[in-house]
Amino acid sequence: MKFSILAPGNIAGTMAKTISRMDGIESYAVASRDYGRAKAFAGEWGFEKAYGSYEELVDDSEVGLVYVASPHSHHYQHAKLCLEHGKHVLVEKAFTVNAAQAQELIDISEERGLLLAEAIWTRYMPSRGMVDDLVASGVIGEVTSLTANLGYILPHVERMQKPELAGGALLDLGVYPINFALMAFHGQVERVHASAVLSPSGIDWMNSITLVFEGGKMAVLHSDMLAQTDRQGVISGDKGYLEVQNINNCEEIRVFGLNRKLTARYTVPKQISGYEYEVLACKKAIEAGKTECEEMPHAESLRVMKLLDEVRSQWGMKFPCE
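Throughout, residues of each chain are indexed from 1 in the direction in which the sequence is written. Only residues with pLDDT of at least 70 get local features here, since the model is predicted, and only at 80 or more are side-chain atom pairs given and counted; chain-wide, interface and lining totals rely on the full set of residues. Where side-chain values are given, they derive from all heavy atoms of the structure, hydrogens and water being excluded.

1. Topic: the sheet that holds strand β3 (residues 49–51)
Then, in step 1: Two strands pair under a simple rule: DSSP has to find at least two bridges between them. Going along the chain from the N terminus, every DSSP run of H or I of four or more residues is numbered as a helix, and every run of E of two or more is numbered as a strand. One open sheet accounts for six strands, arranged β3-β2-β1-β4-β5-β6; its pairing is parallel. Strands with a single pairing partner mark the edges of an open sheet, and in this sheet they are β3 and β6 (116–119). Direction aside, neighbouring strands of the sheet carry axes that sit 20° apart on average.
Then, in step 2: Pairing of strand β1 (residues 2–6) with strand β4 (residues 65–68) involves four bridges; the strand directions are parallel. Pairing of Ser4 across the sheet is with Val66, part of β4.
Then, in step 3: Contact between two residues is taken to exist if any of their heavy atoms lie within 4.5 Å; hydrogens are not considered. To get an axis, a line is fitted to the C-alpha atoms, and for a helix only the part in contact is used. The angle between two axes follows their N-to-C directions and goes from 0 to 180 degrees. Strands β1, β2 (26–31), β4 and β5 (88–92) of the sheet are contacted by helix α1 (residues 10–19), whose axis makes an angle of about 170° with β1.

2. Here's the deal with the packing of aromatic side chains
Then, in step 1: Any pair of Phe, Tyr and Trp rings, taking the six-membered ring for Trp, is counted once the centres come within 6.5 Å. Such a pair is stacked with planes under 30 degrees apart, edge-to-face with planes over 60 apart, and tilted for the rest. Inspection of the entire model under this criterion finds five aromatic pairs.
Then, in step 2: Where Trp121 meets Tyr275, the ring centres are 5.0 Å apart and the plane angle is 75°; that geometry is what we call edge-to-face. Of this pair, Trp121 sits in the loop between β6 and α6 (126–137) while Tyr275 sits in the loop between β14 (262–267) and α9 (276–287), placing them 154 residues apart in sequence.
Then, in step 3: Each residue is assigned to one of three classes by its accessible area relative to the maximum for its type, calculated with a 1.4 Å probe on protein chains only: buried under 20%, partly exposed between the two thresholds, exposed over 50%. On the accessibility criterion, Trp121 (10% relative accessible area) is buried.
Then, in step 4: We classify Tyr275 as buried; its relative accessible area is 11%.
Then, in step 5: With a centroid separation of 5.3 Å and 80° between ring planes, the pair formed by Phe185 and Phe213 is classed as edge-to-face.

As structure tokens, this is what we get:
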């Protein structure tokens, strides 16, 4: 599969390094609004072609899959450009800025028979199945609650401070605790309660979100761009609890009994970076003629975006691009 990158930034570099070590994935083309930047990126990571515009990239008939790595504010615009030119697309999280944009992209994808996938890597990792299997085994009993957090010190990251780039902790970091909760509790969310500390420019520096699921299950979530947190996820039941060390890229799963003593620990398989799983899922889906990946179907991407919309509405936080 001829893999191409739209917008070669930091996260695109990690992806480029990853695919360079994968079998069956060809580092084909990279596009930037600045040709010099595209050429330098292509040279560093061994891409065959470099383009100085996104339009040139989508006009290339050899392109197999485009990875959209631009800021959140531009995911909709760039993914739409790709889809309208007949390209399969892997869009970096957060999928779009709001649910309306997500729905439009999904409609185009399904109408044209093109793959559209969200690059929320935790949905594709082996650790997801490991957690699911442990919960299903009943080792921690009937599960009713969970907590999850993700925090890094990121005030120096310019795009995260800018409302015009859909900045803030929620779309960049908060999507991980939210996805963690949705993967663990599969039922409908009945109530959402959210609060945030906003910056002078109006983006969220930190937030707290409580999701109440049908059946009386509750998830208490936190994301923060001003402080380092332990990144831990804890799923609790009436026979014990399990800890996921680093919900952003699981390092280990630990199981505890009612006496709070460790009863088992599980390490995850070795990986290149973790990005390889979403790429392989896209390749598999494209080869099968599907428009979505089973690991993160369109309905789930839309579900997440609707939750993000509800959370922001409670804060009164709206982006200029909306």
